[in-house]
Amino acid sequence: MFEAEVAVLGGGAAGLSLAHRLAGHVRGLRTPTVVLVDAPPGPLRAPRRTWCFWEPGHGRFDAALTASWEHLRVRPPTGGPIEGDLAPLRYKMIRSDDFEGLVGRDLARSPNVRRLEAAVETVEDVEGGARVRVRSADGATRVLTARWVFDSRPPGSLPAARTTLLQHFHGWFVRTARPVFDPGTVDLMDFRTPQPADGLSFGYVLPVGPHEALVEYTEFSPRALTAGGYEAAVRHYVDDVLRLGDTQVLSTETGVIPMTDAPMPRQVGASVFRIGAAGGATRPSTGYTFAGLQRQTRSVAAALRRGQRPVPPPAHSARSRAMDAVLLRALATGRVDGPALFCRLFARVPAPRLLRFLDGRTRLREDLAVGLRTPVGPMLRSALELPLLPRRPFD
């Protein structure tokens, strides 16, 4: 049995980010003792993945970036592309291995952070804090007591919601025989893919050089595909849409991100909180999570260092979540044409402003201006019916 002021459960982006923000001394502030509990290699550990986000200028984790871009492109189902400059923003890609390496090196030098490789079995409130029971790879059971526990592990199930779609994707890191990619431009949404009966689909191209890129097929729809379905979809996009020619697949990634208007609880005990995707850091309308979890962990770390109650804040404002609920309902009912909607927004709203809107960083008047560039009738109908809809479990 051992003790710490802070226990962080899960070694993904949220858990590592919080531990990183708490590592080391900051003059004039507290230095809490921290234990980061990460699952041993196996099914409980998250697979390798890629995170993307946008921010102005230099960022905290730039040393681990795979690539970044100042120009984006959106391709309608037919016709010419829509292009835009992102300045002062940059669209950034970071791979989990590189992120873990950067953070891990800093944590190894930290005098107040300890790492523990074990599977979490139970978490319970006790007087003055919480108790975490873990089991290491050799089968040994340990008990950790902490004043505060921050759980970043994926929840076992989603809360009841009025609307839930899945953003599910499969991607290939490819190398081509000829230089086919523009390293300065990210293809954010390429709607020249076959559209599903329910929802929408698009291609996504993140070039890291003239010969290499991450190429993904993505759907917003109620159900994930089979492994064969994803392979066929990416192959069609690579061969028939992009026409890349001779291509070597270096690695792959697959993921499923819930896009839901369900309220995600951030506090599940007197001393136990959820952070990251488990704590509502995912933006429901886009599936982006990395920027939201950075806002959460920054706030939590600041509160802990000041000796305050470290309740994770909402990663997205109530107004942003309300707008997301309307959009999800409009997409789920088929009232709006998804490709047409997103192409219209990128064509009519400057790219930096639209990305700030998608990150919840715009003012009310800017939100209204963006809203007026959507199909107002179907969106208004979706907004009016939301209060009447029951919340149901996602199955």
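Residues numbered from 1 in each chain as written. Predicted model: local features only at pLDDT ≥ 70, side-chain atom pairs only at ≥ 80, totals over all residues. Heavy atoms only, no water.

Looking at an unreviewed UniProt entry, one finds the protein named Lycopene cyclase and attributed to Streptomyces canarius.

What about the packing of aromatic side chains?
This structure, assessed with the given rule, holds 14 aromatic pairs. Pairing tryptophan 69 with tyrosine 91 gives two aromatic rings, centres 6.1 Å apart and planes at 45 degrees, and the pair type is tilted. Remark: tyrosine 91 occurs in strand S7 (residues 89-95) and tryptophan 69 occurs in strand S4 (residues 65-69); sequence separation between them is 22 residues. Residue classification places tryptophan 69 among the buried positions, given a relative accessible area of 1%. Each ring, one from phenylalanine 99 and one from phenylalanine 290, has its centre 5.7 Å from the other, and the planes form 80 degrees; the classification is edge-to-face. Taken as a pair, phenylalanine 99 in helix H2 (residues 96-108) and phenylalanine 290 in helix H4 (residues 290-306) lie far apart in primary sequence, 191 residues in all. In this structure, phenylalanine 99 and phenylalanine 290 share a single accessibility class: buried. Among the aromatic residues, those joined into a ring-pair cluster are Trp51, Phe53, Phe61, Phe99 and Phe290. Sitting over the ring of phenylalanine 173, arginine 95 keeps its end group 3.7 Å from the ring centre. Taking the ring centre of tryptophan 148 as reference, the NZ or CZ of arginine 147 above it sits at 3.9 Å. (Phe/Tyr/Trp six-rings, centres within 6.5 Å; stacked < 30°, edge-to-face > 60°. Helix = DSSP H or I, 4+ residues; strand = E, 2+ residues; numbered from the N terminus. Buried < 20%, exposed > 50% of the residue type's maximum accessible area, 1.4 Å probe, protein only. Lys NZ or Arg CZ within 6 Å of the ring centre and 35° of its normal.)

What to know about the sheet that holds strand S5 (residues 71-75)
Read from one edge to the other, the open sheet built from 7 strands follows the order S6-S5-S13-S14-S15-S12-S16, with strand pairing classed as mixed. Of all the strands in the sheet, the pair left with one neighbour each is strand S6 (82-85) and strand S16 (247-260). Between one strand axis and the next, the sheet turns by 15 degrees as a mean value, whatever way the strands run. Both S5 and S6 contribute to a ladder of 4 bridges, which runs antiparallel. (Pairing = 2+ DSSP bridges. Axes fitted to C-alpha atoms, helices over the stretch in contact; angles between N-to-C directions.)

Looking at the environment of arginine 21
Residue position: arginine 21 is located in helix H1 (residues 13-22). The class of arginine 21 is buried, set by a relative accessible area of 14%. Distance from arginine 21 to threonine 297, taken between C-alpha atoms, is 7.5 Å for residues 276 residues apart in sequence. Here arginine 21 is in contact with Arg60, Gln294, Thr297, Arg298, Ala301 and Arg305, once residues within four sequence places are set aside. (Contact = heavy atoms within 4.5 Å.)

Points about a positive patch on the surface
Side chains of Arg348, Arg353, Arg363, Arg365 and Arg373 sit close together on the surface and give a patch of like positive charge. Along the chain, the position of arginine 353 falls in helix H7 (residues 351-358). Given a relative accessible area of 35%, arginine 353 falls into the partly exposed group. (Patch = residues over 30% accessible without salt bridge, like charges linked within 9 Å, V, L, I, M, F, W, Y side chains within 5 Å. Areas by Shrake-Rupley, 256 points an atom, 1.4 Å probe, with all protein chains shown as cover. Salt bridge = Lys/Arg side-chain N within 4 Å of Asp/Glu carboxyl O. Lys, Arg positive; Asp, Glu negative; His and termini not counted. Charge placed at Lys NZ, Arg CZ, Asp CG, Glu CD.)

Remarks on the layout of surface pockets
What the second largest pocket holds in volume is close to 500 Å³. Secondary structure elements with two or more residues in the lining of the second largest pocket: helix H5 (318-333), helix H6 (338-348), H7, helix H8 (364-371) and helix H9 (376-385). It is H5 that provides the largest number of residues to the lining of the second largest pocket, a total of 6 residues. Of the residues contributing to the lining of the second largest pocket, the split by class is 17 nonpolar, 3 polar and 4 charged. (1 Å grid on protein atoms, 1.4 Å probe; cavity = no way out; pocket = protein on both sides within 12 Å on 5 of 7 lines; lining within 4 Å. Points joined across faces, edges and corners; volume = space filled by probe spheres on them. Nonpolar A, V, L, I, M, F, W, Y, C, P; charged D, E, K, R; others polar.)

Quick notes on the sheet that holds S4
Within the open sheet, the 3 strands sit side by side as S3-S7-S4. Their pairing is antiparallel. Lying at the two open borders of the sheet, with one neighbouring strand each, are strand S3 (50-56) and S4. Averaged over all pairs of adjacent strands, the angle between their axes in this sheet comes to 25 degrees, without regard to strand direction. Bridging between S3 and S7 involves 7 bridges; their strand directions are antiparallel. Bridge pairing in S7 links phenylalanine 53 to lysine 92. Across the sheet, H2 lies against S3, S4 and S7, angled at about 85 degrees from S7, the strand it touches most.

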